[in-house]
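# Structural features, examined
One letter stands for each residue in the lines below.
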Amino acid sequence: MASRYAPTQTATSGQVVQINHLEMYYEEYGAGKPLVLLHGFGGCVQNWHPFIAQLSERYRLILVDLRGHGHSTNPDNKFTHSEAAGDVFLLLDKLGIDRFSAMGMSTGGMTLLHMATRQPRRIDAMVLISATSHFPEQARVIMRRASFGTMPQAVRDMYSECAKRGDEQIRQLITQFNAFHEDYDDMNFTAQSLSTITARTLVVHGDRDVFFPVEIPVNIYRSIPDAALWIIPGGDHVPIYDSAVPFTATALRFLDGADSK
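In this report, the structure presented in the accompanying data block is examined. (Residues numbered from 1 in each chain as written. Predicted model: local features only at pLDDT ≥ 70, side-chain atom pairs only at ≥ 80, totals over all residues. Heavy atoms only, no water.)

## A short note on the side chain of Ser72
On the secondary structure map, Ser72 appears in the loop between strand 4 (60-64) and helix 2 (81-94). Filtering out sequence-adjacent residues up to four positions away, Ser72 remains in contact with Glu23, Met24, Tyr25, Asp65, Leu66, Arg67, Arg165 and Gln169. (Helix = DSSP H or I, 4+ residues; strand = E, 2+ residues; numbered from the N terminus. Contact = heavy atoms within 4.5 Å.)

Shown next, in the form of C-alpha cells:
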C-alpha cells in the first residue's frame, strides 16, 4: 500500500540560507556521514519524511527544497536540473560538506546526474530513483499536457502540501514542468558523459514507469562504471512508497557497502 508522497508537515524544522539570489531551505536529521536527499519535481523535503527515521540512524541527512519548491525561492521563475545541481553544491559548500553520498527521486536523481558528472570526486555513492538521461517522447507528451486538474489525486495532494506559497507557486511549477517538453539541452547525457561518474551508483526504476521506459535506466546502469540496477516489478514512476517494496533496507545496504570500502 502506498503512503502519501508528501506527508503533512505541521511545523518547519529547517533553515534558510542565501544561495546567490535564491533563498534555499533545508532540513537536517541524524549524525555521521552526510547523505543528501533530493525530492522530485513539484515535491519538497517532505517527500523524504517517510524514510528519515531509519536513514537518520546511520547518516547525517541533508534534505533540500530545490529552487522554487517548498520553502525555497526562484526569482528567475525557470527550472533546469543543471542549475539545481549548482544550487545544491553551493549549499553544501556553505555547510562545509565536501564529500557525501546522495539519493534523488526523479528530478532529484536528474539533478544528481549533473552533480556526479560535474564534480565526480565529491560523491561517494548515490541512489538514482526513476531518473533519466534524456526526455523520451512519451515523457514530453505528458509534460506538454500536464495541468493541475489532470494530475493524479496523489500528485495534486503533493503539490498542494509542498507549495508553501500557495496557488501561484503551483502555477509557476506547472508552467516550468510544461516547458520541459521543449528542452533538449538540460537532460542530454550520453553514455560517454555518464562513464565519467565515479560514484558507486544504484539505479532504481519501476518497469511500468509512464515517463521513462525501462530501457533508459538499463542504459544508465550500463554506462556508469560498476553501477547496480534494481528494476521493481509492476512499479510506476517513483515506486518506493509501496510498503511491499523494501526501499529503505535496500538503499541502506547499498550505501553501507560503499562506506565499507
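That covers the picture; the talk isn't over yet.
## Quick look at unusual backbone geometry
The phi angle at Asn20 is positive, at roughly 55 degrees, despite the residue not being glycine. Note that Asn20 resides in the loop between strand 1 (15-19) and strand 2 (22-29). Residue classification places Asn20 among the exposed residues on the basis of a relative accessible area of 61%. Positive phi, normally seen in glycine, also occurs at Asp226, with a value near 60 degrees. In this fold, Asp226 is placed in the loop between helix 8 (215-223) and strand 8 (228-232). (Buried < 20%, exposed > 50% of the residue type's maximum accessible area, 1.4 Å probe, protein only.)

## Topic: the state of the cysteines
Within the structure shown, the criterion is met by 1 disulfide. Sulfur-sulfur distance for the disulfide between Cys44 and Cys162 comes to 2.1 Å. On the S-S bond that ties Cys44 to Cys162, the torsion sits near -60 degrees, and the link is left-handed. One end of the pair, Cys44, is in the loop between strand 3 (34-38) and helix 1 (52-55); the other, Cys162, is in helix 5 (residues 153-162), and 118 residues separate them in sequence. Given the relative accessible area of 1%, Cys44 is considered buried. A relative accessible area of 1% means that Cys162 is categorised as buried. (Disulfide = S-S within 2.5 Å.)

## Section: the environment of Leu22
Secondary-structure assignment places Leu22 in strand 2. When neighbours within four sequence positions are excluded, Leu22 is seen to be in contact with Val17, Arg67, Thr73, Asn74, Pro75 and Asp87.

## Regarding the sheet that holds strand 4
Strand order across the open sheet formed by 8 strands is 1-2-4-3-5-6-7-8, with mixed pairing between neighbours. Of all strands in the sheet, those with a lone pairing partner are strand 1 and strand 8, marking the two edges. Going across the sheet, the axis of each strand differs from the next one's by a mean of 20 degrees, ignoring polarity. For strand 3 and strand 5 (residues 100-105), the ladder comprises 4 bridges, and the chain directions are parallel. Note on strand 5: the bridge partner recorded for Leu38 is Gly104. Together, strand 6 (123-129), strand 7 (200-206) and strand 8 form the strand contacts of helix 8, whose direction differs from that of strand 8 by roughly 165 degrees. (Pairing = 2+ DSSP bridges. Axes fitted to C-alpha atoms, helices over the stretch in contact; angles between N-to-C directions.)

## Side note on the side chain of Asp65
Along the chain, Asp65 falls in the loop between strand 4 and helix 2. The side chain of Asp65 is buried and forms no salt bridge, while Lys164, the nearest opposite charge, is found at 7.0 Å. When sequence neighbours within four positions are dropped, the list of residues in contact with Asp65 reads Met24, Tyr25, His39, Cys44, Val45, Gly70, His71 and Ser72. (Lys, Arg positive; Asp, Glu negative; His and termini not counted. Salt bridge = Lys/Arg side-chain N within 4 Å of Asp/Glu carboxyl O.)

## Points about the packing of aromatic side chains
Two descriptors summarise a pair of aromatic rings, namely the distance from one centre to the other and the angle between the planes of the rings. Overall, the coordinates contain 14 aromatic pairs when judged by the stated rule. Summarising the aromatic geometry, the rings of Phe51 and Tyr241 are spaced 5.5 Å apart at their centres and angled 55 degrees between planes, so their arrangement reads as tilted. Taken together, the positions of Phe51 in the loop between strand 3 and helix 1 and Tyr241 in the loop between strand 8 and helix 9 (247-259) put the pair 190 residues apart, joining distant regions of the chain. Of the two residues, Phe51 and Tyr241, both sit in the buried class. Ring geometry for Phe79 against Phe180: centres 6.3 Å apart, planes inclined by 70 degrees, an arrangement best described as edge-to-face. Taken together, the residues Phe79 in the loop between strand 4 and helix 2 and Phe180 in the loop between helix 6 (167-179) and helix 7 (191-194) connect sequence positions 101 residues apart. The ring of Tyr184 has Arg140 lying over it, and the distance from NZ or CZ to the ring centre is 3.6 Å. When the ring centre of Phe254 is taken as reference, the NZ or CZ atom of Arg200 above it lies at 4.1 Å. (Phe/Tyr/Trp six-rings, centres within 6.5 Å; stacked < 30°, edge-to-face > 60°. Lys NZ or Arg CZ within 6 Å of the ring centre and 35° of its normal.)

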